Each structure stands twice: as structure tokens, then as C-alpha cells.
Amino acid sequence: MSEITYKIFHERTAENIKVEVKRLYDLLLFDNNKNLYKVNLNDKKSVKEILSDNILDFKSPNVSDKQFKTRSEWHSFLTEKNHLNFNECLLILLGINPTLAGSLEPNLYKTELNEVGGLKENYLSLIFFQRVENHLLRERFRGNKINTGEFIKWAMDYKYLREIKA
């Protein structure tokens, strides 16, 4: 019997999110005018953590131990858990280690467009809220507890995940 593994369908998704998070990191780091005085220090820490090899990278010729761990944890969420929360699913779609789901606003799945002002001080959650993956995921799954099998099927149908039989 062959073992089923999953991969992100478009590696470019992870590359794009890395660029967006890197821009946020640069903005938070180099805000000399103190325009972002209300930024939560945990936001800076979370952004730095995401950028420390917690985004899937299949193009880098030298794979670090941290990147192997990220790949393993990302895949384990899909194969070992019966249910995922909304933020874990969103991070999986974006190619980010879902163990970092706690870095995002816990009620992100409930946030409506007219309530997005509440995310102004949580720049990281705002970036993820604006992603099309977030809106499609919210449209399909209305709650915070998502059946992993249903999520995988939906993500494969929408070309966010692909199945590889080894």
C-alpha cells in the first residue's frame, strides 16, 4: 500500500506570503517615525518567528533542520489530526507552519469586512485576513472546528493542496 503525502499545490503562494511578511517585518523594524506606536510587541515577535524558516521553501538548495521540521509539522497537521481550527487551515493553505496559528487573531474566522478596523493594531492578522485564501476558506467553512478530511478534499479541489502517492 502506498503512503499518501500532501504538498502545497503552488509553491509560489508560500513565496508570496514570505514577501508580504518580510515587508511587514521591515516596516515594524524600521519605523523611525514611530507611526506604529500601538503595535503589539507580540506582533513583532510573531512576524520574526514566521520568517525564521516557518514558511515552506522547496527551492532553497540548503535545507536547514528548522525547514525540515516545518515541513514535517505542516504535513503532520494534515495526516494526524481529525480536526483543525480555522487559523491552522489558513496557514496550511499559505504554506506556513500551522503550529504558529496562535499568532493570529483567534476570532479571525468571525471577522467581517466591516469589522476589519479591529485588526488595525494586529498587522499580521490583517495581512492574513486580506488573502483570498481566507475569504474562500470562510465561505466554505463557517466555524472554527474544521474536519481535516473535508478540508483536504476542498483544498485539493481548489488547487491549494496536492496529493502525492509514494
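Preceding this section is the structure that the text describes.
Everything numeric in this text was worked out from a predicted model, so none of it was measured.

1. Describing the overall build of the protein
Assigned secondary structure in the protein consists of seven helices and four strands. For the protein, the α and β elements follow one another from N to C terminus as β-α-α-α-β-α-α-α-β-α-β. Buried residues in the protein amount to 41% of all 166 residues. By sequence separation, contacts in the protein at least 24 residues apart represent 64% of the contacts at least 6 residues apart. Total accessible area on the protein stands at roughly 9600 Å², and carbon and sulfur atoms take up 48% of it.

2. Let's talk about the packing of helix H4 (residues 86-94) against helix H7 (residues 148-157)
Following both chains from N to C, one finds H4 and H7 inclined at 35°, their axes separated by 12 Å at the closest point. Between H4 and H7 the crossing geometry is right-handed. In this structure, H4 contributes Cys89, Ile92 and Leu93 to the contact, and H7 contributes Phe151, Trp154 and Ala155.

3. Looking at the pattern of salt bridges
The tally for this structure, following the rule as stated, stands at nine salt bridges. Taking the shortest distance from any N to any O, the salt bridge between Lys22 and Asp26 comes out at 2.8 Å. Within this pair, Lys22 and its partner Asp26 are both found in helix H1 (residues 11-29), separated by four residues, close to a single helical turn. Judged by relative accessible area, which is 39%, Lys22 ranks as partly exposed. On the basis of relative accessibility, which here comes to 28%, the residue Asp26 falls in the partly exposed class. Where Glu73 meets Lys69, a salt bridge forms, and the shortest distance between an N and an O atom there is 3.9 Å. With Glu73 and Lys69 both in helix H3 (residues 65-80), this residue pair falls four residues apart, about one helical turn.

4. Details of the packing of H3 against H4
Where H3 meets H4, the axes come as close as 11 Å, and the angle between the chain directions of the two elements is 125°. It follows that H3 is oblique to H4 by the angle criterion. When the axes of H3 and H4 are compared, the crossing they make is left-handed. Residues Trp74, Phe77 and Leu78 of H3 form the contact with H4, whose participating residues are Glu88, Leu91 and Ile92. The class makeup of the residues in the contact of H3 with H4 is five nonpolar, no polar and one charged.

Rules used throughout
- Residues numbered from 1 in each chain as written.
- Predicted model: local features only at pLDDT ≥ 70, side-chain atom pairs only at ≥ 80, totals over all residues.
- Heavy atoms only, no water.
- Helix = DSSP H or I, 4+ residues; strand = E, 2+ residues; numbered from the N terminus.
- Buried < 20%, exposed > 50% of the residue type's maximum accessible area, 1.4 Å probe, protein only.
- Contact = heavy atoms within 4.5 Å.
- Areas by Shrake-Rupley, 256 points an atom, 1.4 Å probe, with all protein chains shown as cover.
- Axes fitted to C-alpha atoms, helices over the stretch in contact; angles between N-to-C directions.
- Left-handed = near helix turned anticlockwise from the far one by under 90°.
- Salt bridge = Lys/Arg side-chain N within 4 Å of Asp/Glu carboxyl O.
- Parallel < 35°, antiparallel > 145°, perpendicular 65-115°, else oblique.
- Nonpolar A, V, L, I, M, F, W, Y, C, P; charged D, E, K, R; others polar.

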